[in-house]
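Summary of structural features
Residue strings, one per chain:
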Amino acid sequence: MARLLVLRGAPYRHSSHLCAATLLVFSPSQHRRFASFPSSPPTAARRILPSPLRVPIRALESSPGPTKEEQEPSPAAGEAQEPPQPAASAFEVEELGWGTQLAVKLRMLVAPPWQRVRKGSVLNMKLRGEISDQLKTRFSSGLSLPQICENFVKAAYDPRISGIYLHIEPLRCGWAKVDEIRRHIVDFKKSGKFVVGYMPVCGEKEYYLACACGELYAPPSAYVALFGLTVQQTFLRGVLEKVGVEPEIQRIGKYKSAGDQLARKSMSNEVREMLATLLDNIYGNWLDTISSTHGKKKEEIEEFINSGVYQVARLKEEGWITDLLYDDEVMAMLKERVGQKDKKSLRMVDYSKYSRVSKRTLGLQGGGEQIAIIRASGSITRTRSPLSAPSSGIIAEQLIEKIRTVRESEKYKAVILRIDSPGGDALASDLMWREIRLLANSKPVVASMSDVAASGGYYMAMAAPVIVAEKLTLTGSIGVVTGKFCLQKLYERIDFNKEILSKGRYAELNAADQRPLRPDEAELFEKSAQNAYALFRDKAAMSRSMSVDQMETVAQGRVWSGQDAFSRGLVDSVGGLSQALAIAKQKANIPKDKKIQLVEVSKPSPTLPEILSGIGGSLLGVDRAVKGVLQDMSSLSGVQARMDGILFENLGDMSGENQLFLLIKDILNYFD
């Protein structure tokens, strides 16, 4: 079986990545090529010789804290410092001029039917399941983070919207997206309109978001499970042994957990340390936020959680929710609040319809200056494969084309690169890195990282002069793991034979899976992994204006939270998209109070033909999880920079993993 190199590392919630064999080969380009860019700084200490690409930045709006350059004194690389303290958001609902108000009224009168909203309506948004960082079309299902956030902004200005009724159910997204939505809830309340939350299922993540609402209700029968947070890692070594598969793994970077799933039966001490730190960051942030919301001490909140909260009545008694009401009772209350006196149901507009309301209709189209936003979300591949799901992941050749279009255009004054990726093909990551660097030579580029920017995802981000991350963005994972499967015992078990004729001492290194590696092959195997790690680490050091020794202290495959990455020089500022936009405006010399047009360059997904293609696949009986696994397997045919399958759990949605283990069980039953 072909050998593959994987640079993997960050925890990621996706069933198809749970068992993807982390196998590998990195680009063999020499380090001297890394310094070929005119803007490349020497590999010296970041504070002594700052990069000409990264000038001091000032937080301008919606800033949760100072940028890296404003922190004095600077700690040594790898040395922790206090995380940035959140500052008050600068978001304000501005009074529109009389001319703009008149234009808005006229546009509302002539708006097409799908953009018409009755006066006194309540915007009803149901937040549950997966939330994509990409734009969606009217033909697609699921939630889109940019459209959710835009709906909050539009509703704050829309005179037809009286308030928001937010249904919050189990979420399957990272904490960074939850923070972004929570920030918009807080900002929306500044409009003076109400935002009421309804939460039939209460876990830590759901409550973290819901408690930002002005009022929060739950049905008397609500499911409550406030027990704390867990982190888990699965191991397949024992299962593989039972079916006669022997993984041969070389892990470079003591914190690199990718490959452990195949090579180990338990968690290593280094990985345990890394995951414990991440868990402490997430849980500590949760306690801090909830205690601040309720005006209680952190210890009181922790004591309440440690008592085992499963009764919704306790949430009301302790003041965690406003009251126990059914959905119809909340809507009856809202109907009275908005002054609707007829006998009809509460006048509402849902998320899908309101997403089609144009910002121009509301006078929010922005000014003349344009800033492009390029979204890169999902696993990274170099080209689209036949098994690629509709609009799945980052296709390097397509993204490079968009980057070049933006670079060649004079209408864009700056660019925001929005990344939400666990990584993937390392060659593809490197090619995109090059294009992003060239783009940064022509105009300001700011990377804004969502839930995860690890391995290949961070590879892309580090090409930008400025990186902005949320407090809990999973960041870094600069390390490699190399491996191949030896299937000798499996072949003997099923009486399968494989013979190879070869020329060249190492010709069978990638082809011979019917025998273990010879000692000389194993030595070459290890050296190639060491070389791949050095290339990745050195390029990261150059990109972040660190010495190699400085980068080594924060690399070694370690995954950091956004706030820890900030204090160690991997990130320049902590915040969301609005923070990245403020920095982009400043670097493009656009006045802070001047309106701009934020132009989405990435194509919304999926299109109608892609939807029909997906339906065709379903009719053929291709299960979503199985199709995802097949797609991952087809993409592992070259350099990989991908994270592993560590899971952060609270309520534990294991549907995809159950399908995986059922598949393994079927294999074992077949051989018994």
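Residues numbered from 1 in each chain as written. Predicted model: local features only at pLDDT ≥ 70, side-chain atom pairs only at ≥ 80, totals over all residues. Heavy atoms only, no water.

1. Some details on the overall build of the protein chain
Along the protein chain, the regular secondary structure elements total 22 helices and 27 strands. Relative to all contacts within the protein chain whose residues are 6 or more apart in sequence, the contacts with residues 24 or more apart total 77%. Just so you have it, the protein chain exposes about 28600 Å², and 52% of that area is on carbon and sulfur atoms. (Helix = DSSP H or I, 4+ residues; strand = E, 2+ residues; numbered from the N terminus. Contact = heavy atoms within 4.5 Å. Areas by Shrake-Rupley, 256 points an atom, 1.4 Å probe, with all protein chains shown as cover.)

2. Description of the pairing of strand S2 (residues 121-129)
Across the 9 residues of S2, 7 count as buried, placing the element largely inside the fold. The sheet contact formed by S2 and strand S5 (residues 161-171) spans 8 bridges and is parallel. Along S5, the bridge assignment pairs methionine 125 with leucine 166. (Buried < 20%, exposed > 50% of the residue type's maximum accessible area, 1.4 Å probe, protein only. Pairing = 2+ DSSP bridges.)

3. As for the sheet that holds S5
Across the sheet, 6 strands lie side by side as S12-S8-S6-S5-S2-S13; this open sheet has parallel pairing. Looking along the sheet, the strands with just one partner apiece sit at the ends: strand S12 (323-324) and strand S13 (348-350). Taken together, the 2 bridges between strand S8 (residues 215-218) and S12 define a ladder with parallel strand orientation. Counted as the bridge partner of tyrosine 217 is aspartate 323 from S12.

4. Quick look at the state of the cysteines
Using the criterion set out here, one finds 0 disulfides in the structure. No disulfide involves cysteine 211; its sulfur sits 8.3 Å from that of cysteine 213, the nearest cysteine. When its relative accessible area of 7% is taken as the criterion, cysteine 213 is described as buried. (Disulfide = S-S within 2.5 Å.)

5. Some details on the packing of helix H12 (residues 396-408) against helix H13 (residues 426-442)
Relative to each other, H12 and H13 sit at 5°, their axes nearing to 10 Å. Considering their axes alone, H12 and H13 lie roughly parallel with respect to each other. Facing H12, whose interface residues are Ala396, Leu399, Ile400, Ile403, Arg404, Val406 and Arg407, H13 presents Ala428, Leu431, Met432, Glu435, Ile436, Leu438, Leu439 and Ser442. Broken down by class, the residue content of the contact of H12 with H13 amounts to 11 nonpolar, 1 polar and 3 charged. (Axes fitted to C-alpha atoms, helices over the stretch in contact; angles between N-to-C directions. Parallel < 35°, antiparallel > 145°, perpendicular 65-115°, else oblique. Nonpolar A, V, L, I, M, F, W, Y, C, P; charged D, E, K, R; others polar.)

6. Brief notes about the nonpolar core
The biggest cluster of nonpolar side chains holds 64 residues, and the ones touching the most others in it are Trp286, Leu315 and Trp320. It is helix H2 (residues 145-157) that provides the largest number of residues to this core, a total of 7 residues. Contacts of tryptophan 286, omitting those with residues within four sequence positions, involve Trp175, Glu204, Tyr208, Leu226, Ile301, Ile305 and Trp320. Core analysis: the next-biggest nonpolar cluster, separate from the first, contains 53 residues, Ile394, Val406, Ile436 and Ala529 among them. (Core = buried A, V, L, I, M, F, W, Y, C linked by side-chain atoms within 4.5 Å.)

7. Things to note about H13
Taking 1.5 Å as the rise per residue, H13 with 17 residues should run 24 Å; its terminal C-alpha atoms sit 25 Å apart, in good agreement. Of the residues that open H13, the one with a side-chain oxygen 2.9 Å from the backbone nitrogen of leucine 427 is aspartate 425. (Expected span 1.5 Å × (residues − 1). Polar contact = N/O pair within 3.5 Å; in protein donor to acceptor, adjacent residues only side chain to side chain.)

8. Quick look at the pattern of salt bridges
Two side chains bearing opposite charge may form a pair once their charged atoms approach each other closely. Taken as a whole, this structure holds 32 salt bridges when the rule is applied. Residues aspartate 420 and lysine 177 are paired through a salt bridge, measuring 2.5 Å at the closest nitrogen-oxygen approach. Here lysine 177 lies in helix H3 (residues 175-188) and aspartate 420 lies in strand S17 (residues 412-421), a separation of 243 residues in the sequence. The pair aspartate 420 / lysine 177 is uniform in exposure class, with both members buried. Arginine 568 is the salt-bridge partner of aspartate 564, the closest N and O atoms lying 4.0 Å from each other. Linked by salt bridges that have partners in common, Asp133, Glu180, Arg183, Arg375, Arg418, Glu470 and Glu600 make up one network. (Salt bridge = Lys/Arg side-chain N within 4 Å of Asp/Glu carboxyl O.)

9. Observations concerning the packing of aromatic side chains
Throughout the structure, instances matching the rule amount to 8 aromatic pairs. Seen from their ring centres, tryptophan 175 and tyrosine 208 are 5.4 Å apart, and the 85° between their planes marks the pair as edge-to-face. Of the two residues, tryptophan 175 is situated in helix H3 and tyrosine 208 in helix H4 (residues 204-210); the sequence distance between them amounts to 33 residues. Exposure class is identical for tryptophan 175 and tyrosine 208. Each is buried. When the centroid spacing of 6.4 Å and the interplanar angle of 40° are considered together, the rings of tryptophan 286 and tryptophan 320 count as tilted. (Phe/Tyr/Trp six-rings, centres within 6.5 Å; stacked < 30°, edge-to-face > 60°.)

10. With respect to unusual backbone geometry
Although it is not a glycine, glutamine 556 adopts a positive phi angle of roughly 55°. Here asparagine 589, not a glycine, exhibits a phi torsion of approximately 60°, which is positive. Secondary-structure assignment places asparagine 589 in the loop between helix H19 (577-587) and strand S25 (597-600). Judged by its relative accessible area of 69%, asparagine 589 falls in the exposed class.

11. Some thoughts on the pairing of strand S20 (residues 466-469)
Residues Val466 and Val468 line one face of S20 and the alternating positions Ile467 and Ala469 line the opposite face, and both faces are buried. Pairing of strand S19 (residues 445-454) with S20, which is carried by 4 bridges, proceeds in the parallel orientation. Across the sheet, alanine 447 pairs through a bridge with isoleucine 467, a residue of S20. In this fold, the crossover linking S19 to S20 by way of helix H14 (residues 456-461) has right-handed handedness. Sheet analysis places S20 next to strand S24 (residues 573-574), joined by 2 bridges and oriented parallel. When the sheet's bridge partners are listed, valine 468 is paired in S24 with serine 573. (Right-handed = clockwise from strand over helix to strand, strands pointing away.)

12. Observations concerning the side chain of arginine 544
For arginine 544, the position within the fold is in the loop between helix H16 (519-543) and helix H17 (548-554). Looking at arginine 544, the relative accessible area reads 0%, which means it is buried. A distance of 3.0 Å separates a polar side-chain atom of arginine 544 from the backbone oxygen of glycine 569.

13. Considering the packing of H2 against H3
For the pair H2 and H3, interaxial distance at closest approach is 9 Å and the crossing angle is 5°. With respect to each other, H2 and H3 are oriented roughly parallel. On the side of H2, the interface is formed by Leu145, Ile148, Cys149, Phe152, Val153, Ala155 and Ala156, while H3 contributes Lys177, Glu180, Ile181, His184, Ile185 and Phe188. When the residues that make up the contact of H2 with H3 are grouped by side-chain class, the tally is 10 nonpolar, 1 polar and 2 charged.

14. Considering the UniProt feature "active site" (unreviewed entry) in the protein chain
As annotated in UniProt, the feature "active site" (unreviewed entry) corresponds to Lys256 and Ser455 in the numbering used here. What stands out for the annotated residues spanning 200 residues is how close their C-alpha atoms remain, the widest pair being 10.5 Å apart. For lysine 256, the position within the fold is in the loop between strand S11 (246-252) and helix H6 (260-263). Take serine 455: it is sitting in the loop between S19 and H14. The class for serine 455 is buried, based on a relative accessible area of 0%. (UniProt positions renumbered as here; feature names shortened; annotations may be inferred.)

15. Re the environment of threonine 361
With respect to the secondary-structure elements, threonine 361 resides in the loop between helix H11 (351-355) and strand S14 (370-377). In this structure threonine 361 comes out as buried when scored by relative accessible area, which is 7%. C-alpha separation for the pair threonine 361 and leucine 109, spaced 252 residues apart in sequence, amounts to 9.9 Å.

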